[in-house]
Each structure stands twice: as structure tokens, then as C-alpha cells.
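Geometric and topological summary
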Amino acid sequence: YKRSFYRATWILTALDAGFFTAMTLKPMWLRHICSILFTFYYLVFADAAEERVRRVRATISIEHMRVSWEKVPQNPILRTMSKLIRPKVTVREIMSIDRPAHNSQLPPTEIYFFYAGAPETLSQHDTILLQFPGGGFVSMPPPCHEDAIAVWANQTGLPIVSVNYKKAPEHPYPWPIEECFDIYLRLVETRGTIIGLSGTKKLNIIVLGDSAGGNISSATTLKIIAHNQQLKRQQNNGVPLKTFGADEGATDYTESLLPMPAGLILIYPALDFEMSCWMSPSQVSLIHADSTTQLFRTGSLETLWQSKDHFSHVSPLSVVPDVEKNQSLWRRLLGRKKTRTTIRQHVNPILTDKKAWQSSNLAMTSRMSFFNDRIISPDVMRAMAIMYLGPYATPDFETDYLLSPIIAPLELLAEFPKTYMICGEKDPLVDDTVILAGRIRQAKGEFLGPEKADNAVHVKFLEGISHAFLQMMAFLPEAHQASRTIGDWIQEIASE
């Protein structure tokens, strides 16, 4: 996995270097051709590619970010190559959907609609996949995600709606969440007739999002739950209902309740805008407690836990277990192990004891532990956060759960639909996946009982892999495996 992922990131670096070099050319046709030629050059001269990308990232602009992340759909050569290797879909349409009545003055939302079945069978469906694509809140419309979308369309047979919500910095927070909530509302109101369904059956919506789209998917789900809870409070207080789908003065709030998503799938989601270096003791305790449950069904959580036990390492720079490394073949054959002293063993025993170390809650976040990640570095995260929040934002990072779904109140998380999460083991955002999964499970157990908690969340880690692996399907075999796993989850939710 590690070798495959490093090879994929090397190819991406060469592509970026080629495109950055060609950006100075004025004729677009020449820029497209030269970007590919420069890429071949940088594939051979890897050090030059690294230097080129480093120099651009030092003074990166919004245009640079969008050119880098949208290179496949924007370049006709890469776009054609991508079409040749992805599964075919029978329906691919771009639609413009008007906002609901309460936001009718706002511009419509663009969606991309995909369907792999026979066009005449489309109207028979009552279940759809609603995808909010990632891209750091600033880039990557649905065409950047078509490799994965085409796989899911063919594997599941479901219609797929991919939302091209408006991006920052032109449309900062909370615009994307409001826009995606409105799309959900319009689909529910029309029972899918706006995308070609018959509308004779209740519509079931499976919500999926990756990276920034995972944030928006979670926030949209929380907004639906909060909306329904507000209606219940209005009903209890005898307040006339003035809300979506209800006649003015209506007294039966049940007609205005928004149906919950049939399921929620989050792919390496970005869920926390409080970019601290240190984890709180409650977060560390949550990870430690869940490490003994069936929530995480791979050995990756143990690896993550070991990475946070900073003082058990030999090297202060290490974020992976390194005690047994570098043992020579001769030493292993002779049974002579090289003695290596951990950081903990350097501490003066007079100052503390073993029990104190074992109960320590000192741990750094994955954002800091994997700060040298080649896909999503700290400067990129900083740039995305600044642009998404905008110049006039004064968010309360401790309470604004639409911005940081990871801090949502337990009473809201208890009402989450069945949730599936997948993330790379070495992703700087892996803590977000672990903590949200643990909090959903905690909320379900506290409000609904332990039997509801056990099957509320399913989490899968990809060993040795970092962020955005679905963008590497052309040259990362593990990405194909992951996309099929996600397709299995979609089918499981649809069948239930």
C-alpha cells in the first residue's frame, strides 16, 4: 500500500509540476499540450518536480490550486484518457435546480446527474445517491470525481446526483451548506421529479461526501436534524408553524418534518476547523475506549494509538513505532537484539513513575503528526480554511457544529442515520474520522441504548495511505478496491 501510494503521489507531483510550468503560456491549446510534455520531463527528473511544486506552493494562488486539482477535466488530453478507462454511464446531464420558495431570490444550483441503467427505467427508482464532492471548499466540481461516480453508478444501478455547490472564496461559509441543504429539500419536496423520477413513491436519499464534501454532508445532516427538532419544540409550545413545506398556521408538525437520509457515507472527511496541535484529554480517552470495541475492525486503530504514544518511540521525530526497526539480519540470526532506548526511558525516574506515564493523556493531533504529508500539507489546510471562512467571519469554534460537525451535541448525533466512514491510515484528517465515529456511537448508546450503538457506525481504514485516494484511481489499485467497498455500502443501505 505504501509503495503504491508513494508512486501515485509521485505521478501527481509530476503532473502538477508540468501544469504549473505550462501556466505561463497564453494559447490554451499550447498550454494543454506542453503541460503533458512537461509532465513526462518531471516524471524522469523527480527532484526538479519537487522543487517546482515547492516554489509554487510557497506563493500559491487560488488559480494555482484550481489548476492543480482540476487538471484532469480541464485538460482535453487527460479528460479523454480518463473517459477511456472509466465505466460508461448511459445518462450524464447537467441540470440547473431552482432554490426552494424561502430562498427563491438566490441563484439556482447546478447539479450533474448520472445513471448507468437503461434511460427508460430511470423513473422507476425511489432511491438515489446524493453526492457532495470534496475539493477543499474552493475547487473540484463533479467532473473531477467522475471516475468514482461511474463505478458507483454501474455497481449500484442507482441514479446519482452530484452537486456543484458554489465555492469559496467567492461564496464562503455557510453558503455551501445552505445550498446543499436546499438541494436536499427540493429533492424531498418533488420526490425526485426534478431529476426524472416518477414521484409516485417516497424518495430515499443516501448522502455521500469526501473530504470537504464529507464536512458538508455531515453539516447538512445536522441541519436536517436541527430543523426537525425545532418543529417539535414549536409544536410543544403551540407556536404556529412557518417553515418548509407547512401551511402558515398549521398545527401538525409531522407534515413538515424532513425525512432523514437513508444512510450517510463519509470519505476521509474534514470535520474540525479548530486546528490545534494537541488533542483534548476527552478525545484521547474516546479513542482509547473505542480501541477495545468492535467499532474499528482493522489493526489500524492500534497503529494510530501507537503513533500517539509519543514517548514509546526511539526517535522524537517518529510518528510510527520504531523500537524494533533497524535490526540487522546477523543480530536476528544470533538472537542478539540491539538495545534501543525510548524517550520514556530517558526521563529521570525520580520525577515520575510508570503508572503516571501510562495514564498520560498527552497526544498530538494527526494534523500535526502527519504535517509533512504530500497531499494535504499544513499550508494547504491553512489556505482552505482562510478562504472558506472568508474575511468577515467570527466563528465560535467551540460551538459552531455546522462548521465543525465533530463537536455537534450528542442529542443531534444520536439521530444520525446509519453511518459508514473510510479514511487512509496516514491521513492528516484521520482523527476526525475516529472521533466523530466514537461520538456517534457514544451518543447512540447514551440516548438509544447499547444495542443501537453497536451497529450505528462502520469504519474502514486503508493501511499506509493518506488523503484523496479516490482522485488516484488511474494509477492506484487500492483506490479501485476502496470505491467498490463504498459501492457495497451504498447497496447495503439501499437494500435496507
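The rules behind each value
- Residues numbered from 1 in each chain as written.
- Predicted model: local features only at pLDDT ≥ 70, side-chain atom pairs only at ≥ 80, totals over all residues.
- Heavy atoms only, no water.
- Helix = DSSP H or I, 4+ residues; strand = E, 2+ residues; numbered from the N terminus.
- Buried < 20%, exposed > 50% of the residue type's maximum accessible area, 1.4 Å probe, protein only.
- Contact = heavy atoms within 4.5 Å.
- Areas by Shrake-Rupley, 256 points an atom, 1.4 Å probe, with all protein chains shown as cover.
- Patch = residues over 30% accessible without salt bridge, like charges linked within 9 Å, V, L, I, M, F, W, Y side chains within 5 Å.
- Salt bridge = Lys/Arg side-chain N within 4 Å of Asp/Glu carboxyl O.
- 1 Å grid on protein atoms, 1.4 Å probe; cavity = no way out; pocket = protein on both sides within 12 Å on 5 of 7 lines; lining within 4 Å.
- Points joined across faces, edges and corners; volume = space filled by probe spheres on them.
- Nonpolar A, V, L, I, M, F, W, Y, C, P; charged D, E, K, R; others polar.
- UniProt positions renumbered as here; feature names shortened; annotations may be inferred.
- Phe/Tyr/Trp six-rings, centres within 6.5 Å; stacked < 30°, edge-to-face > 60°.
- Lys NZ or Arg CZ within 6 Å of the ring centre and 35° of its normal.

Looking now at the overall build of the protein. Counting its secondary structure elements, the protein contains 20 helices and eight strands. Residues counted as buried form 52% of the 496 residues belonging to the protein. Excluding contacts between residues fewer than 6 apart, the proportion of contacts in the protein whose partners are at least 24 apart in sequence is 76%. Split by element, the accessible area of the protein, about 23,300 Å² in all, is 56% carbon and sulfur.

Judged by side-chain polarity, Trp29, Ile33, Leu37, Ile77 and Met81 come together as a nonpolar surface patch covering roughly 520 Å² of accessible area. Looking at which element gives the most residues to the nonpolar patch, the answer is helix H2 (residues 28-44), with three residues. Here Leu37 is to be found in helix H2. Owing to a relative accessible area of 52%, Leu37 belongs among the exposed residues under this scheme.

Moving on, we get to empty space enclosed by the protein. Enumeration over the complete set of coordinates arrives at three cavities of 30 Å³ or more. The calculated volume of the largest cavity comes to roughly 70 Å³. Taken together, Asp16, Phe20, Val53, Arg57, Ile60, Met65, Ser68, Trp69 and Val380 form the lining of the largest cavity. Sorting the residues of the lining of the largest cavity by element identifies helix H1 (2-22), helix H3 (46-58) and helix H4 (62-69) as the ones contributing at least two each. Counting residues per element, the lining of the largest cavity draws most heavily on H4, at three residues. The residue inventory of the lining of the largest cavity, partitioned by class, reads six nonpolar, one polar and two charged.

On to the UniProt feature "transmembrane region" (unreviewed entry) in the protein. Per the UniProt record, "transmembrane region" (unreviewed entry) is found at residues 29-49. Secondary structure content for residues 29-49 is 95% helix and 0% strand, while the C-alpha to C-alpha distance between its ends is 23 Å.

Scanning the entire structure with this criterion turns up eight aromatic pairs. Relative to Phe469, the ring of Tyr268 lies with its centre 4.9 Å away and its plane at 80 degrees, an arrangement referred to as edge-to-face. Here Tyr268, found in the loop between strand S6 (263-267) and helix H10 (281-290), pairs with Phe469, found in the loop between strand S8 (457-462) and helix H20 (477-495); they are 201 residues apart in sequence, far enough to count as distant. Residue classification places Tyr268 among the buried positions, given a relative accessible area of 1%. Three or more aromatic residues joined by ring pairs form one cluster here, namely Phe137, Tyr173, Phe273 and Tyr388. Of note, Arg99 hangs over the ring of Trp175, and the distance from its end group to the ring centre comes to 5.5 Å.

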